[in-house]
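# Commentary on secondary and tertiary structure
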Amino acid sequence: MKKRYLGLLLYLVFAILPIYWMLNMSLKTNEEITGVFSLWPQQLTLANFRTILTDPAWYSGYINSLIYVGINTICSVLVALPAAYAFSRYEFLGDKHLFFWLLTNRMSPPAVFLLPFFQLYSSVNLFDTHIAVALAHMLFNVPLAVWILEGFMSGVPREIDETAYIDGYRFPHFFVRIFIPLISAGIGVTAFFCFMFSWVELLLARTLTSVNAKPIVAIMTRTVSAAGMDWGVLAAAGILTIVPGALVIYFVRNYIAKGFAMGRV
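Notes on the structure follow. Within each chain, residues carry numbers counting from 1 in the order of the written sequence. Local features are withheld for residues below a pLDDT of 70 in this predicted model, meaning they are given only at 70 or higher, and side-chain atom pairs are given and counted only at 80 or more; totals for whole chains, interfaces and linings count all residues. Working from all heavy atoms in the structure, the side-chain values ignore hydrogens and water.

### Topic: the pattern of salt bridges
Counted as salt bridges are all cases of a side-chain nitrogen of Lys or Arg within 4 Å of a carboxyl oxygen of Asp or Glu. If you walk through the whole model with that rule in mind, you get one salt bridge. Its salt-bridge partner being Asp161, residue Arg89 comes within 3.1 Å of it at the nearest N-O pair. Separated by 72 residues along the polypeptide, Arg89 in helix H4 (residues 56-89) and Asp161 in helix H8 (residues 158-166) bring together distant segments of the chain. Taking relative accessible area as the criterion, Arg89 reaches 8% and is therefore assigned buried. Strands here are runs of E lasting at least two residues and helices are runs of H or I lasting at least four, both read from the DSSP assignment and numbered beginning at the N terminus. Three exposure classes are used, based on accessible area relative to the maximum for each residue type with a 1.4 Å probe and protein chains only: buried under 20%, partly exposed in between, and exposed over 50%.

### As for the environment of Gly232
Inspection of the secondary structure puts Gly232 in helix H13 (residues 231-251). Taking the C-alpha atoms as reference points, Gly232 and Arg158, 74 residues apart in sequence, are found 56 Å from one another. Here Gly232 is in contact with Met25, Ser26, Lys28, Asn30, Ile33 and Asn48, once residues within four sequence places are set aside. The contact criterion used is simple: two residues touch if any of their non-hydrogen atoms lie within 4.5 Å.

### What to know about the packing of H4 against helix H10 (residues 184-200)
Axis geometry follows a simple rule: fit a line to the C-alpha atoms, using only the stretch in contact for helices, then measure angles between N-to-C directions, giving values from 0 to 180 degrees. Interaxial distance between H4 and H10 falls to 9 Å at its minimum, and their mutual angle equals 140 degrees. By the angle class used here, H4 and H10 are oblique. The two elements H4 and H10 cross, and the hand of that crossing is right-handed. Mapping the contact onto sequence places Tyr62, Ser65, Leu66, Tyr68, Val69, Asn72, Thr73, Ser76, Val77 and Leu81 in H4 and Ile187, Thr190, Ala191, Cys194, Phe195, Ser198 and Trp199 in H10. Its residues assigned to classes, the contact of H4 with H10 comprises eleven nonpolar, six polar and no charged. Under this scheme an angle from 65 to 115 degrees is roughly perpendicular, one under 35 degrees roughly parallel, and one over 145 degrees roughly antiparallel; angles in between are oblique. Two helices cross in a left-handed way if the nearer one is turned anticlockwise from the farther one by less than a right angle. They cross in a right-handed way if the turn is clockwise. Any residue outside Ala, Val, Leu, Ile, Met, Phe, Trp, Tyr, Cys, Pro, Asp, Glu, Lys and Arg is labelled polar, Gly included; the first ten of those are nonpolar and the last four are charged.

### Observations regarding the side chain of Thr73
Along the polypeptide, Thr73 turns up in helix H4. The contacts of Thr73, once residues within four sequence positions are left out, are Ala191, Cys194 and Phe195.

### Focus: the packing of aromatic side chains
Pairing of aromatic side chains here covers Phe, Tyr and the six-membered ring of Trp, requires ring centres within 6.5 Å, and sorts the geometry by plane angle: under 30 degrees stacked, over 60 edge-to-face, intermediate tilted. Under the counting rule described, the total for this entry stands at 18 aromatic pairs. Centre to centre, the rings of Tyr85 and Tyr90 are 6.2 Å apart; their planes meet at 75 degrees, and the pair counts as edge-to-face. On the accessibility criterion, Tyr90 (48% relative accessible area) is partly exposed. For the ring pair Phe113 and Phe117, a centre distance of 6.4 Å and an interplane angle of 45 degrees mean the geometry is tilted. In this structure Phe117 comes out as buried when scored by relative accessible area, which is 12%. These aromatic residues form a ring-pair network of at least three members: Tyr85, Tyr90, Tyr165, Phe171, Phe174, Phe175 and Phe179. The ring centre of Trp21 lies 5.6 Å from the NZ or CZ of Lys28, which sits over that ring. Charge over a ring is defined by NZ of Lys or CZ of Arg lying within 6 Å of the ring centre and within 35 degrees of the ring normal.

### A short note on unusual backbone geometry
At Asn125, a residue that is not glycine, the phi angle is positive and equals roughly 60 degrees. Here Asn125 is to be found in the loop between helix H6 (114-123) and helix H7 (130-154). For Asn125, a relative accessible area of 69% puts it in the exposed group.

### With respect to the side chain of Lys28
By secondary structure assignment, the location of Lys28 is in the loop between helix H1 (2-26) and helix H2 (30-35). When charges are counted, Lys and Arg are positive and Asp and Glu negative, with His and the chain ends excluded. Buried charge Lys28 goes without a salt bridge, the closest partner of opposite sign being Glu32 at 4.6 Å. Aside from chain neighbours lying at most four places away, what touches Lys28 is Ile33, Ser38, Trp40, Pro41, Thr45, Asn48 and Gly232.

Given below as C-alpha cells:
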C-alpha cells in the first residue's frame with residue numbers, strides 16, 4: 001500500500017513540476033532566470049504578465065485563438081451530430097467503409113494537408129482568417145466527434161425513437177428536445193476533445209495565418225529578439241495558455257467522467 005501511494009506521489013510530482021517551474025519562471029526577471037537557480041522567485045515580479053495583458057501583439061493571439069477554436073468546436077459538433085445519428089441508427093451500403101474512411105482522416109498528420117489548404121485558402125482569399133483555421137481543424141475534429149457521438153447514440157435504445165414517432169414528434173423536434181438531452185454527456189466529451197485539439201494545434205494554425213488571425217501558439221514561437229530569448233514573458237504566456245483549457249475541463253468535468261464510463265472514449 002505504501003509503495004502504491006509512493007508511486008502516485010512521484011507521478012504527481014513529475015506531472016506538476018513542469019507547470020510549477022513555468023509559473024516560477026513567469027514571476028522572475030530574465031536576469032534571475034538565467035543567472036540564479038532557485039525554487040521560487042527571489043525578486044517577485046508581475047512584469048511578464050503585465051506585458052502579455054497590455055501588449056496587443058500578445059493578447060490579440062489569445063483572442064484569435066479563442067475565436068477560431070470556438071468556431072471549430074461549435075461547427076464540428078453540429079456537423080457530427082446528424083452524421084453520428086445516421087451511423088448509429090441506419091444501415092446502408094458501405095457504411096462501415098465510410099466510417100473507417102472518416103477515422104483515417106483523423107489518423108493523418110496535419111502536415112499532409114498543409115500545402116493543399118495553403119493554396120486553396122490563398123486562391124479564395126481565406127488566408128489569415130479565423131474561419132480558415134477553424135475549417136482546417138474540422139477535417140480532424142469531425143471524424144473524432146462522429147466516432148465519439150456514435151458510441152453514445154448506439155447506447156440509446158431505438159425504442160425511444162419509435163415511441164417518439166408514435167407520439168407524433170417530427171424528427172427535428174424529437175432530435176432536439178428528446179434525443180440530444182440523452183447524449184448530453186457525449187456532447188460535452190466531444191466538445192472537450194475538439195476544443196483541446198484546436199487549442200494546442202500549431203502547424204496548421206501557424207501556416208494559415210500571418211497577422212490578422214495569428215494564434216497565441218504561433219506568437220509563442222517568435223519570442224527571440226536582439227536581446228535574446230525573453231524567458232519570463234514566454235513562461236507567462238505559457239501559464240495563460242493553460243488557463244482556458246483548465247476552465248473547459250472544470251466546466252465539463254462531470255461530462256468527461258460520464259464519457260469515460262459510458263461512451264467510446
